[in-house]
Amino acid sequence: MSEVAQLLLDWYALHARSLPWRSEQPDPYQVWVSEIMLQQTRVETVIPYFERWLELFPHLPALAQADEQTVLRAWEGLGYYSRARNLHRAAQIVVSEYGGQLPQDAAELAKLPGIGRYTAGAIASIAFGKDEPALDGNLRRVAARVFDMPLPARSPQGERRLEELLRAHMPSGQAGRYNQALMDLGAMVCTPRDPACQTCPLRTVCAACRLGLQSQRPVLPKRPPVPHYLVTAAVIRRGGRVLLTRRPVKGLMAGLWEFPGGKLEPEETLAECLQREIREELGAAIRVGSQ
């Protein structure tokens, strides 16, 4: 076992996070659900959703049998709703084509909706003990610093190099613990800003730490600015009922229910925007009042 792996696993044995989807005998379904929920979402946010999800869909067949609206309601608040749709569709495929059992091979897992290379590696290693890397943001950051990799971490060349480095130090048969240790180290110690290098178990073997380049690794492209929109929505009542519309099946928040309305156009007031949107969506004229 390499020094990097030994130091990492020794640290993990003492400092591993206690998470509801982790156990000595991991449940592949729970590992899969947790990994999908954790995409672009913090662990603290995911935990209550994960626990509620298991109450509603305790196993893979239960998820496959549920209707889409029930699945989306269970996901409500987590965002990126295509993840929920892909989970639901993948569960149906697993039941119909794989006898209700998740495939163990990473390449086969990656054929399912919503499972990319990282998620396939995470499920294969954690749930099935396969020697596969799981290159998420935490692993990219830790590996780019430990091995001082100057390539952009999210470029095809950078990802290939990081995978090579992680595989070179991966202890055979312990990839699940190795990957989870890297995840926890990245979340708790080797953070994006102000990493706690003095308490890091890998400080003696970290090239970026030795060279003082922690803040420059990983190399990442500049993010485009986040778009900002002003929108209006109408609460239209008739008797005891309220009018809702369903969003298109593709695009932002696809298929979800909402109050009718839309984005503010240049030179419009909010009231004018709302009147235009209702006219365009419903062919109706409204008067905008105050509550």
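Preceding this paragraph is the structure being described.
A brief report on the enclosed structure follows.

Parameters and conventions
Throughout, a residue's number is its position along its own chain's written sequence, starting from 1. Given that this is a predicted model, residues contribute local features only at a pLDDT of at least 70 and side-chain atom pairs are listed and counted only at 80 or more, while totals for whole chains, interfaces and linings are drawn from all residues. In computing side-chain properties, one takes all heavy atoms of the structure into account and sets aside hydrogens as well as water. Any two rings among Phe, Tyr and Trp, with Trp reduced to its six-membered ring, count as a pair given centres within 6.5 Å; such a pair is stacked if its planes are under 30 degrees apart, edge-to-face if over 60, and tilted if neither. Runs of H or I in DSSP of at least four residues are treated as helices and runs of E of at least two as strands, each being numbered from the N terminus. Burial classes: relative accessible area under 20% of the type maximum marks a residue as buried, over 50% as exposed, and values in between as partly exposed (1.4 Å probe, protein chains only). Here, a charge over a ring is recorded when the distance from Lys NZ or Arg CZ to the ring centre is within 6 Å and its angle to the ring normal is within 35 degrees. What a helix is expected to span follows from its residue count: subtract one and scale by 1.5 Å. Residues are treated as being in contact if the distance between any of their heavy atoms lies within 4.5 Å. The set of buried Ala, Val, Leu, Ile, Met, Phe, Trp, Tyr and Cys residues whose side-chain atoms join them within 4.5 Å is what this entry labels a nonpolar core. Polar contact is defined as a pair of N or O atoms within 3.5 Å, subject to the rule that within protein one atom must be able to donate a hydrogen and the other to accept it, and that residues adjacent in sequence are counted only when both atoms are side-chain atoms. Counted as salt bridges are all cases of a side-chain nitrogen of Lys or Arg within 4 Å of a carboxyl oxygen of Asp or Glu.

1. With respect to the packing of aromatic side chains
For any pair of aromatic rings, geometry is given as the distance between the ring centres together with the angle between the planes.
Item 1. Inspection of every chain in the model, using the stated rule, returns 4 aromatic pairs.
Item 2. When the centroid spacing of 6.3 Å and the interplanar angle of 70° are considered together, the rings of Tyr 29 and Trp 32 count as edge-to-face. Pair noted here: Tyr 29 and Trp 32 are both in helix α2 (residues 28-37), with a separation of 3 residues, about one helical turn.
Item 3. Note on Tyr 29: relative accessible area 5%, which makes it buried.
Item 4. In this structure Trp 32 comes out as buried when scored by relative accessible area, which is 0%.
Item 5. Ring centres of Trp 53 and Phe 57 lie 4.8 Å apart, and the angle between their planes is 65°; this geometry places the pair in the edge-to-face category. The exposure classification of Trp 53 matches that of Phe 57, with both residues buried.
Item 6. The cationic tip of Arg 52 hangs over the ring face of Tyr 49; the distance from NZ or CZ to the ring centre is 4.9 Å.
Item 7. Note that Lys 263 overlies the ring of Tyr 229, its terminal NZ or CZ placed 4.5 Å from the centroid.

2. Points about helix α8 (residues 117-128)
Item 1. Relative to the 16 Å expected for 12 residues at 1.5 Å per residue, α8 spans 16 Å between its end C-alpha atoms, a close match to the ideal helical length.
Item 2. Across the 12 residues of α8, 11 count as buried, placing the element largely inside the fold.
Item 3. Tucked into the core, α8 has its buried residues touching α2, α7 (106-109) and α11 (175-188).

3. Some remarks on the side chain of Ser 34
Item 1. Examined against the element boundaries, Ser 34 turns out to sit in helix α2.
Item 2. If we skip the residues at most four places from it in the chain, Ser 34 touches Trp 21 and Phe 50.

4. What about the nonpolar core?
Item 1. Residues Tyr 29, Trp 32, Met 37, Trp 53, Trp 75 and Leu 202 are the most contacted members of the largest nonpolar core, which totals 77 residues.
Item 2. Take this core: its biggest share by element is 8 residues, from α8.
Item 3. Other than its neighbours up to four places away in sequence, Tyr 29 contacts Trp 53, Leu 54, Phe 57, Pro 58, His 59, Leu 60, Leu 63 and Leu 102.

5. Concerning the side chain of Arg 276
Item 1. Among the secondary structure elements, Arg 276 is positioned in helix α13 (residues 270-282).
Item 2. Its relative accessible area of 12% is what places Arg 276 among the buried residues.
Item 3. Engagement of the side chain of Arg 276 in a polar contact is seen with the backbone oxygen of Lys 263, the distance being 3.1 Å.
Item 4. Apart from residues lying up to four places away in sequence, Arg 276 is in contact with Lys 263, Glu 265 and Glu 268.

6. Looking at the pattern of salt bridges
Once their charged atoms are close, side chains differing in charge can pair, the charge on each being opposite to the other.
Item 1. Tallied over the full model, the rule gives 15 salt bridges.
Item 2. Across the pair Arg 85 and Glu 68 runs a salt bridge whose closest N-O atoms are separated by 3.8 Å. Here Glu 68 lies in helix α5 (residues 68-75) and Arg 85 lies in helix α6 (residues 82-97), a separation of 17 residues in the sequence.
Item 3. Take Glu 68: its relative accessible area is 32%, and that puts it in the partly exposed class.
Item 4. Between Arg 276 and Glu 280 there is a salt bridge whose closest N-O contact spans 3.2 Å. Linking Arg 276 with Glu 280, this pair stays in helix α13, spanning 4 residues, or about one helical turn.
Item 5. Residue Glu 280 is classed as exposed on the basis of its relative accessible area, which comes to 54%.
Item 6. Within the structure, one salt-bridge network assembled from shared partners comprises Glu 268, Arg 276, Glu 277 and Glu 280.

None of this, on its own, says anything about what the molecule does.
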